[in-house]
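What the coordinates show
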Amino acid sequence: MPLKKKIIPTLIISLCVLFPLLHIDLLSFRKFLFISVEVLALCILLLLLLYSRNRLVQKVATWEILFCIFIAYVFFHTIISNPNKFILFEALTYPYILYRLLSQIISEIGLAYTLRLLIRLFYLTLVIVLLILFLKSPFLYSMPSEFFFPNKSIFAIFLASVLSFLTPYLKKPLFTSARSVFIIQFLEWIIFIFSLIILVLIEGRAAWVGFLLCITLYFLCYCRVRLSLLYLSGLACIAVIIFMFIFHFKENSSNGRLLIYKISSEIFKENYLTGIGLGQFKVYYNSYQADYFQSNEFSSPIASLADNTYYAFNDFYQILIETGVLGFILILLSIFSFTSLLIPLLKRREKKILIGPSLGIICIFFSANFSYPMQFTLCSIPLVLFISLASTILKQKSRGGTKIINSRGFGLIRACLLLLLIFYYYELISVNKSSNTAAKLSMFGYKQEAISIYEKVSQSFLRDGQGLFLYGRELLHSGQNEKAIFFLNQAKETFCNDQIYILLGNAHDEIGQRLIAKNYFQKAVYMIPKKMNSRFELMNHYLKWKDTVNARVWANSILNMKIKVHSEATFRIKEKTAEILRKM
């Protein structure tokens, strides 16, 4: 392909690789760029729309057909049962369209050019990440948690997947002239080692496990080690020791995840066949957690580990819960079909070019068993890149598969989907911008102006749960209780936490619905037992209705609570509670 025609494909791949830079240092880096994740996603879609007019003969693999069946199954299930139907665009349609067009781009510009471009871009990304980290925190051990989005753990998995991808090309860089080999190798090793130090310091345990597995697989694959029984036994012992160390490294966090798995199993038992619906875990889980602590272990140490939870801390387990056994079987068959094509090629001479993207995929997939990397573009976009590259290699090097031509019919469907996605992301950007403006106005005291903006946002076809929650809160504070109840219930259909239940309790209290208010307050208390604020609200509810017996019970529970981290808010609540108790 001529160099001029490679400009747009190169720009698309570059934006996909540099996408994760928007997930670090939210307070300064993203403000400097004046861009958000949604804006960059929209830019990529517009470029894909420009590029998607080309016709190309492509193979369709069995695993792709199975995944399309999975998408169709989830689509119909979501249309029937999920109030938030537009989650399909962000969760499935965008990654799949991106995958199809990236595969086409890689086929046209060539594997060698793509791999060389990816290696250079990933090193550039690592360099930028290291520079930002050193500028913000010269002593790396003091890196603040808020520096990363959504958290350190997810960013660590992204970093581990990039390092896993680059590992096979460290020994001898691909496509490098003999004169520059030593210099390139030296620079690559320096960047790689510093990035590895950052990976260790971030303390992302899921990332550590994923990276160690990839390094082990690469060693076994490259060195052609014979797997004797003694060798396998030794590896198994090392793996057990590593898992025990990682589990006890942050024991409270590990026990918290076990609690999540335990409560999530109740959701699965009741919806095992077809699941609860895509994206519905954040709607169901906290309610089940409240039911669990209402009948079990409310005062036990394990209750102090519970918090508002929106992810299952295991992406495959969450897929099982949300799509049921039927959807999970389709995903497993798709992965098995992909793996069955991948393994034979890794044993042949294509190993050198294929092993990098394979290790990147394995790292994210294995880490996803202990975290939720596939829920965020930080890891899902690199995953789509790795799968696109590996899939293109498989189709070119392996036999079989059905050849199709991207005819006008296929082009029209693809263009329609791209236009829908562009419209969706444009509306999403508009909604987020309006919600941020309303939040700022409310913070500076312009309550009515904020309410009018939230009202416009609530009329959007997008069900922005956070926006509906903030709108309901503003309505409650302005005395519009019944309207607040309506919008808070709408917010509860997109996500669920203790704050929504407290606000609903206050709203029902204001209009005299005592029993309903009590149920909401109790739900909030049992949802997050360690939170003092929800107990304080329940105590005030009983005081309002002159139920001094129950008010005294919850006042004593507040005063007897053990606090791990003292704050001004908890000190004030305890002080007020003690004063109220003295007056009873």
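Check the entry above for the structure.
Residues numbered from 1 in each chain as written. Predicted model: local features only at pLDDT ≥ 70, side-chain atom pairs only at ≥ 80, totals over all residues. Heavy atoms only, no water.

A short note on the packing of helix α11 (residues 251-270) against helix α13 (residues 315-346)
Where α11 meets α13, the axes come as close as 10 Å, and the angle between the chain directions of the two elements is 10°. It follows that α11 is roughly parallel to α13 by the angle criterion. Contacts from Tyr261, Ser264, Ser265, Ile267 and Phe268 of α11 reach α13 at Tyr317, Leu320, Ile321 and Val325. Taken together, the residues that form the contact of α11 with α13 break down as seven nonpolar, two polar and no charged. (Axes fitted to C-alpha atoms, helices over the stretch in contact; angles between N-to-C directions. Helix = DSSP H or I, 4+ residues; strand = E, 2+ residues; numbered from the N terminus. Parallel < 35°, antiparallel > 145°, perpendicular 65-115°, else oblique. Contact = heavy atoms within 4.5 Å. Nonpolar A, V, L, I, M, F, W, Y, C, P; charged D, E, K, R; others polar.)

Here's the deal with the packing of aromatic side chains
Counted by the stated rule, this structure contains 29 aromatic pairs. Judged by centre distance (6.4 Å) and plane angle (75°), the rings of Phe469 and Phe495 are edge-to-face. Of the two residues, Phe469 is situated in helix α18 (residues 465-477) and Phe495 in the loop between α19 (481-492) and α20 (498-510); the sequence distance between them amounts to 26 residues. Of the two residues examined, Phe469 and Phe495, each falls in the buried class. What links up through ring pairs into an aromatic cluster is the set Trp63, Phe67, Phe70, Tyr96, Tyr99 and Phe338. (Phe/Tyr/Trp six-rings, centres within 6.5 Å; stacked < 30°, edge-to-face > 60°. Buried < 20%, exposed > 50% of the residue type's maximum accessible area, 1.4 Å probe, protein only.)

Topic: the nonpolar core
If you look at the biggest cluster of nonpolar residues, it comprises 171 residues, and the most contacted ones within it are Ile13, Tyr94, Leu98, Phe165, Leu199 and Tyr425. Ranked by residues supplied to this core, first place goes to helix α6 (residues 111-136) with 13 residues. (Core = buried A, V, L, I, M, F, W, Y, C linked by side-chain atoms within 4.5 Å.)

Re the side chain of Ser254
Along the chain, Ser254 turns up in helix α11. Excluding residues within four positions of it along the chain, Ser254 makes contact with Arg205, Ile246 and Phe247.

Thoughts on the environment of Asn556
Tracing the backbone through its elements, the reader meets Asn556 in helix α23 (residues 548-559). Accessibility expressed as a relative area gives 32% for Asn556, which makes it partly exposed. Taking the C-alpha atoms as reference points, Asn556 and Thr577, separated by 21 residues in sequence, lie 8.4 Å from one another.

Digging into the layout of surface pockets
Its boundaries defined by the atoms lining it, the second largest pocket holds a volume of some 1,400 Å³. What lines the second largest pocket is a set of 49 residues, and nearest its centre among them are Ser304, Leu305, Ala306, Asp307 and Lys530. Counting only elements with at least two residues in the lining of the second largest pocket, the list comes to α7 (152-166), α9 (205-223), α11, α22 (532-544) and α24 (568-583). Broken down by element, the residue count for the lining of the second largest pocket peaks at six residues, all from α11. Partitioned by chemical class, the residues of the lining of the second largest pocket number 20 nonpolar, 18 polar and 11 charged. (1 Å grid on protein atoms, 1.4 Å probe; cavity = no way out; pocket = protein on both sides within 12 Å on 5 of 7 lines; lining within 4 Å. Points joined across faces, edges and corners; volume = space filled by probe spheres on them.)

It is worth stressing that arrangement in space is one thing and function is another; only the former is reported here.
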